[in-house]
Amino acid sequence: MSSSFPSLGYGLGLRNEYYEQILAQSPAVDWFEVISENYLVPGGKALYYLDAIAERYPLVMHGVSLSIGGPHALDTEYLEQIKQLAERIQPAWISDHLCWSRGNAHQLHDLLPLPYTEESLYQVAGRVRQVQDVLQRPLVLENVSSYVRSKADDFTEWEFLNALAHLSGCQLLLDVNNVYVSSRNHGFDAWTFIRNLPPESIRQLHLAGHMDYGHYVVDTHDHPVCDPVWALYQQTLEHFGPVSTLLERDDHFPPFEELLTELSKARELGASALARRSLCA
Amino acid sequence: MRLIDWQLAFEQHLLSETSVANSSFAATLLGGPTLDVDTGLAIYHNAYLSRLQEVLRHDFGAIWYWLGDDEFALLTQAYIRRYPSAHYSLRWLGERFAVFILEYLVAEQSAPLAEMARLEWAFTLAFDAPQGAPLTLNDMAQLAPEDWPTLQVILAPSVQQLLCRFNTVAIWRASKDESDFPGSQALNLAQLCLVWRHENVCHYRSLEPGEAFALAGMVTAGWSFSELCAQLAVTYEEGAPLQAVTWLKQWIQDGLLERRVP
Ligand SMILES: [Fe+2]
């Protein structure tokens with residue numbers, strides 16, 4: 001059982017705090033993930049650096065406002081802009097989240113959870129196909145962290161992801177930290193979630209830190225990755241084989257060197273997990 | 001409950017004043033072993049407001065500095081309730097902040113604050129405006145002598161113009177320098193302030209009335225260079241061409257102008 005896509009290796013999120021250093025030092029990062037919305041602007045510094053970095057590194061586009069599960073019509077103007085940005089920087093793939101971020105009336109700017117019902121499944125699958133028709137490529141969707149869930153669920157989250165990949169042809173961005181956060185908040189087994197995902201659909205992994213309040217955990221992306229998430233990550237690679245891995249940091253930005261050190265840790269732990277996999281094969 | 005109704009209830013919860021959700025919506029949800037539904041819903045409620053307020057603290061740093069944490073939090077909370085976000089990108093969240101300040105606060109407080117909001121918003125607009133094709137000194141060196149009299153220009157796309165009636169620029173500067181609040185004062189004479197981006201860096205400059213008049217004549221009234229010289233002759237007499245060239249050179253060095261294509 002393995003992911004069906006070649007791995008890009010180990011990447012970091014591209015953040016404006018680090019533009020200068022990336023260009024000046026050409027750090028040993030295999031690829032960068034960019035937040036698409038930051039570059040849907042007519043001009044300026046962000047696009048200048050994006051173009052320069054696109055010449056040197058493979059890029060992946062990661063969006064936060066598609067709102068694939070939202071109660072509104074898909075924003076075709078937004079999709080058109082995403083498509084144009086993709087033409088400009090030629091990302092290896094384009095991802096967003098399995099969530100909704102826009103309500104009926106307003107933009108809510110959060111990754112809100114969906115009920116895992118049949119109604120949601122067919123609604124989202126139809127919208128994924130619409131998006132894929134515009135972008136002319138598979139959409140990659142990420143599992144989000146959540147703090148409540150609907151009583152009406154017909155599926156577990158992993159069953160829903162399986163069914164959605166099957167129905168729509170979308171691929172999956174497995175955020176290992178989000179699985180951990182949600183497993184703590186909702187009381188399910190994180191490994192059961194991960195091992196039940198369809199290996200052939202796993203395109204990318206996310207690693208990130210969170211805030212542990214004891215009774216619950218909040219996905220903040222402002223801390224280093226914690227030990228239980230590293231352990232899950234190793235189990236994940238042992239199970240799926242090599243998968244493009246991205247270390248996310250969205251707040252409390254440390255010096256760039258610290259992120260590189262954490263990325264080296266991912267490489268080392270990843271390599272040993274893959275070695276165990278080949279021994280057991 | 002249908003998906004759309006459930007989402008509407010969730011949206012109403014995020015937008016409501018209190019972080020306690022209405023009980024019929026809460027009744028559709030499950031918590032976890034140690035995370036109850038009310039806490040889970042409060043996490044979403046607080047995250048919604050604090051995420052948007054953080055964007056406004058970033059885009060309106062001088063107003064935050066001016067009002068302090070508590071007053072700024074109250075003002076931005078009221079803004080977000082009055083004008084919830086309408087664009088997918090948080091970059092546009094503060095678009096109506098200046099207008100809101102005028103609607104929400106009493107006039108003597110709102111006029112200088114709204115002017116600051118417009119100044120700070122001008123920086124966000126200049127920051128990612130289209131690049132355009134600003135004239136350079138090199139372009140001017142290539143310009144044939146016979147083309148000088150008919151030369152016409154427009155503002156480069158990033159240039160924002162503000163007419164300041166208060167010492168807003170001085171307060172903005174103090175906030176950047178983290179120095180003491182200089183106190184808000186009306187200016188004796190309103191002053192034109194330009195905000196623009198040149199070589200990926202944002203700049204600002206206040207113009208004296210004479211220079212503002214000359215620039216407006218060229219970029220708004222559409223004067224050619226020879227018309228500019230003629231207008232300046234009223235004040236500067238035979239020194240008019242020299243003054244015209246001096247300003248034009250400055251504007252071009254600053255990256256403010258594009259050539260007007262007939
Ligand atoms: Fe993630």
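Every chain is numbered on its own, with residues counted from 1 as its sequence reads. The lettering of chains begins at A and the numbering of ligands begins at 1, in the order of writing. Residue-level local features of this predicted model are given only where pLDDT is at least 70; pairs of side-chain atoms are given and counted only at 80 or more, and the full residue set underlies all totals for whole chains, interfaces and linings. To obtain the side-chain values, all non-hydrogen atoms of the structure were included, while hydrogens and water were left out.

1. Focus: the coordination of the iron ion
Residue and element names in this part refer to chain A.
- Distances up to 2.8 Å from the metal define which N, O and S atoms are donors, and 3.2 Å serves for Na, K and Ca; water is absent from the atom set, so sites may look incomplete. Looking at the iron ion, one finds its protein donor set to be Glu-142 (OE), Asp-175 (OD), His-206 (ND1) and Glu-248 (OE), positioned 2.0 to 2.4 Å from the metal centre.
- Mapped onto the sequence, the donors of the iron ion take the spacing E-x32-D-x30-H-x41-E. A residue pair is termed long-range when its members are at least 10 positions apart, and Asp-175 in strand β9 (residues 171-175) and His-206 in strand β10 (residues 202-207) qualify at 31 residues. Where helices and strands are cited, they refer to DSSP runs of H or I of at least four residues and of E of at least two residues respectively, numbered from the N terminus.

2. Let's talk about helix α10 (residues 225-236) of chain B
Residue and element names in this part refer to chain B.
- In a helix, the anticipated span is given by 1.5 Å times the number of residues less one. Here α10 spans 15 Å end to end across 12 residues, near enough to the 16 Å set by a 1.5 Å rise per residue.
- Restricting attention to buried positions, one finds in α10 the residues Phe-225, Leu-228, Cys-229 and Leu-232. Looking down the long axis of α10, one finds its buried residues gathered within 95 degrees of arc, a one-sided arrangement.
- What makes two residues a contact is simply this: any of their non-hydrogen atoms within 4.5 Å. Where α10 is buried, its residues contact α9 (209-219) and α11 (240-254).
- Phi for Glu-237, located one or two positions after α10, is positive at around 50 degrees. When a residue's accessible area, from a 1.4 Å probe over protein chains only, is under 20% of the maximum for its type it is buried; when over 50% it is exposed; and in between it is partly exposed. Throughout, the arc means that of the directions going from the helix axis to the C-beta atoms.

3. Focus on the sheet that holds strand β1 (residues 10-13) of chain A
Residues and elements named next belong to chain A.
- Around the barrel, which closes on itself, the 8 strands sit in the order β1-β2-β3-β4-β7-β9-β10-β13 with parallel pairing between neighbours. Averaged over all neighbouring strand pairs, the angle between strand axes comes to 30 degrees, with direction disregarded.
- Paired strands, as defined in this entry, are two strands with at least two bridges between them according to DSSP. As paired strands, β10 and strand β13 (residues 244-247) are joined by 4 bridges and run parallel to one another. Its bridge partner lying in β13, Leu-207 is registered against Leu-247.
- Comment: axis = line fitted to C-alpha atoms, over the contacting stretch for helices; angle = value between 0 and 180 degrees taken between N-to-C directions. Here helix α3 (residues 76-89) sits on the sheet in contact with β2 (31-35), β3 (59-62) and β4 (94-97), set at roughly 170 degrees to β3.
- Contacts between helix α6 (residues 176-186) and the sheet are confined to β7 (139-142), β9 and β10, with β9 contributing the most and set at about 65 degrees to the helix.

4. Concerning the domain arrangement of chain B
Residues and elements named next belong to chain B.
- Delimitation of the domains relies on an automatic or database domain assignment. Looking at chain B, the domain boundaries give domain 1 (1-104) and domain 2 (118-262).
- Centre-to-centre separation of domain 1 and domain 2, based on C-alpha positions: 39 Å.
- On the side of domain 2, 15 residues touch domain 1, which itself brings 13 residues to the contact.
- Accessible area that two parts lose when put together, with a 1.4 Å probe and added across both, is what the buried area reports. The largest contributions to the domain 1 side of the interface with domain 2 come from Tyr-65, Trp-66 and Arg-91, which together make up 53% of the buried area.
- Any carboxyl oxygen of Asp or Glu within 4 Å of a side-chain nitrogen of Lys or Arg constitutes a salt bridge here. Connecting domain 1 to domain 2 are 1 salt bridge.

5. What to know about the side chain of A:Asn177
Residues and elements named next belong to chain A.
- Checked against the element boundaries, Asn-177 lands in helix α6.
- Here a polar contact means two N or O atoms within 3.5 Å. Within protein one must be a hydrogen donor candidate and the other an acceptor candidate, and residues neighboring in sequence count only if both atoms are side-chain atoms. A polar contact is formed between the side chain of Asn-177 and the side chain of His-210, at a distance of 2.7 Å.
- Residue contacts for Asn-177: discarding those within four places in its chain leaves His-206, Ala-208, Gly-209, His-210, Asp-219 and Val-229.

6. Considering the sheet that holds strand β5 (residues 201-207) of chain B
Residue and element names in this part refer to chain B.
- Ordered in space as β3-β4-β5, the 3 strands form an open sheet in which the pairing is antiparallel. At either end of the open sheet lies a strand with only one pairing partner, and these are β3 (160-166) and β5. This sheet shows a mean twist of 25 degrees between the axes of neighbouring strands, independent of strand direction.
- Two strands pair when backbone bridges link them, and strand β4 (residues 186-198) and β5 are joined in this way by 7 bridges, in the antiparallel orientation. Bridge pairing links Arg-197 to Cys-202 in β5.

7. Observations regarding the confidence of the model for chain B
All names here are of chain B.
- Of the residues in chain B, 100% have a pLDDT of 70 or more, and the chain-wide mean is 96.
- Note on scores: pLDDT gives the predictor's confidence for each residue, bounded by 0 and 100. No element of chain B has a lower mean pLDDT than helix α2 (residues 23-26), which averages 91, and none a higher one than strand β2 (residues 153-155), which averages 98.
- If you check the scores for this complex, the pTM reads 0.95 and the ipTM reads 0.95.

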